[in-house]
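These are the residues of each chain, in order.
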Amino acid sequence: MLARRVLDGPARLGRTRLVAVDGPSGAGKSAFTARLADALAALPDGGRPPVVHTDDLLDGWDDQLTFWTRLEDRVLAPLRSGRAGSYRRYSWLRREFLPREMPVPVAPVLLLEGVSAARAAIRPELTLSVQVTAPAGLRLRRALDRDGPQLLPELRRWHTGEEAHFAADRTATAVDLVVDGAPTLPHDRDRYYVRRRVPASGPGPGSGPVSRARP
């Protein structure tokens, strides 16, 4: 069970086990993160972990990858020193950061979800890194269903930025686990996820599912 693996793993960010769920837009990162949070909460010695979504830290579309300093200063650095962190959520409707501070307590586990969450800068402090993948066409359809067709130009630009980042950062070959965000292998979707094989060139349509496992 992945949740058990997380709790049994070493805390490398101060007293916190940091789990990064990375992957491109529309791949299924948020759904996988929510299921992992549920699995951690269900363990007798677990508890529901705080979750930070990197989209909440972005200062609009142009801050796709440059938000990291904000995350480091407000969340990661305090936790590293054993102190609670906090951040202000960005409102994509108002196009500004909201005044309310969102607390990030010192907890046994913190789930960090979003594009570039498992970037090289944080890898030494990760207890577990995950990349969620799905075919590009499906990911675009999911994003359009979620955000609306009027954002197609921004989404295309966003996807181009993602691809460049993942290639330069070598995310696919550096993460501990690659998860299929659009699996065809029959399984109980509420209890299992599907791993993908990672070839030397990284995950792709030919990598195929390897096995199913419990979050």
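Relevant structure appears above.
Small disclaimer: the values here were computed from a predicted structure and weren't measured.

A. Summary view of the overall build of the protein. Counting secondary structure elements, the protein contains 6 helices and 9 strands. Computed over C-alpha atoms, the radius of gyration of the protein comes to 17 Å, within 12% of the 17 Å expected from 2.2 N^0.38 for 215 residues, which places it in the range of a compact globule. Dimensions of the protein, computed from the C-alpha atoms along their principal axes, are close to 45 × 40 × 30 Å. For the protein, buried positions account for 48% of its 215 residues. Nonlocal contacts in the protein, meaning residues at least 24 apart in sequence, comprise 67% of its contacts between residues at least 6 apart. Split by element, the accessible area of the protein, about 10700 Å² in all, is 51% carbon and sulfur. For the protein, the distance from the average site of its 33 positive side-chain charges to the average site of its 25 negative ones is 4 Å.

B. Main features of the pattern of salt bridges. Counted by the stated rule, this structure contains 13 salt bridges. A salt bridge links D56 to R89; its shortest N-O distance comes to 3.5 Å. Here R89 lies in strand β3 (residues 85-91) and D56 lies in the loop between β2 (51-53) and α3 (68-80), a separation of 33 residues in the sequence. Judged by relative accessible area, which is 12%, D56 ranks as buried. Using a relative accessible area of 36% as the deciding quantity, one classes R89 as partly exposed. One salt bridge connects R80 with E125, and the closest N-O pair in it is separated by 2.7 Å. A residue pair is termed long-range when its members are at least 10 positions apart, and R80 in helix α3 and E125 in the loop between β5 (109-113) and β6 (126-133) qualify at 45 residues. The class of R80 is partly exposed, set by a relative accessible area of 32%.

C. Main features of the environment of T184. Tracing the backbone shows T184 in the loop between β7 (177-180) and β8 (193-196). Overall, T184 belongs to the exposed group, its relative accessible area being 73%. Note: C-alpha distance between T184 and D55 (129 residues apart in sequence) is 28 Å.

D. Main features of the packing of aromatic side chains. Enumeration according to the criterion identifies 6 aromatic pairs in this entry. Both rings, one in W61 and one in W92, keep their centres 5.4 Å apart while their planes meet at 75°; by these two values the pair is edge-to-face. Of this pair, W61 sits in the loop between β2 and α3 while W92 sits in the loop between β3 and β4 (96-104); the two residues are 31 residues apart in sequence, bridging distant segments of the chain. On the accessibility criterion, W61 (24% relative accessible area) is partly exposed. Residues W61 and W158 carry aromatic rings whose centres are separated by 5.6 Å and whose planes lie at 85° to one another, so their mutual orientation is edge-to-face. Of the two residues, W61 sits in the loop between β2 and α3 while W158 sits in helix α5 (residues 152-169), which places them 97 residues apart along the sequence. Taking relative accessible area as the criterion, W158 reaches 7% and is therefore assigned buried. Linked through ring pairs, W61, Y90, W92, F97 and W158 together constitute an aromatic cluster. Its end group placed over the ring of F67, R119 keeps NZ or CZ at 5.4 Å from the ring centre.

E. Fine view of the environment of I122. Along the polypeptide, I122 turns up in the loop between β5 and β6. I122 gets classed as buried once you look at its relative accessible area, which sits at 1%. The residues contacting I122, other than those within four sequence positions of it, are L18, W68, L76, R80 and A117.

F. Region of the structure containing the nonpolar core. Counting residues in each nonpolar core, the largest one holds 26 residues, and the members touching the most others are L18, V52, L71, V75 and L76. Elements supplying a minimum of two residues to this core: β1 (17-22), α3, β4, β5 and α5. Per-element tally for this core: the top contributor is α3, with 5 residues. Counting residues in each nonpolar core, the second largest holds 23 residues, with L7, A27, L177 and Y193 among its members.

Rules and cut-offs
- Residues numbered from 1 in each chain as written.
- Predicted model: local features only at pLDDT ≥ 70, side-chain atom pairs only at ≥ 80, totals over all residues.
- Heavy atoms only, no water.
- Helix = DSSP H or I, 4+ residues; strand = E, 2+ residues; numbered from the N terminus.
- Rg over C-alpha atoms; globule rule 2.2 N^0.38 Å.
- Buried < 20%, exposed > 50% of the residue type's maximum accessible area, 1.4 Å probe, protein only.
- Contact = heavy atoms within 4.5 Å.
- Areas by Shrake-Rupley, 256 points an atom, 1.4 Å probe, with all protein chains shown as cover.
- Lys, Arg positive; Asp, Glu negative; His and termini not counted.
- Charge placed at Lys NZ, Arg CZ, Asp CG, Glu CD.
- Salt bridge = Lys/Arg side-chain N within 4 Å of Asp/Glu carboxyl O.
- Phe/Tyr/Trp six-rings, centres within 6.5 Å; stacked < 30°, edge-to-face > 60°.
- Lys NZ or Arg CZ within 6 Å of the ring centre and 35° of its normal.
- Core = buried A, V, L, I, M, F, W, Y, C linked by side-chain atoms within 4.5 Å.

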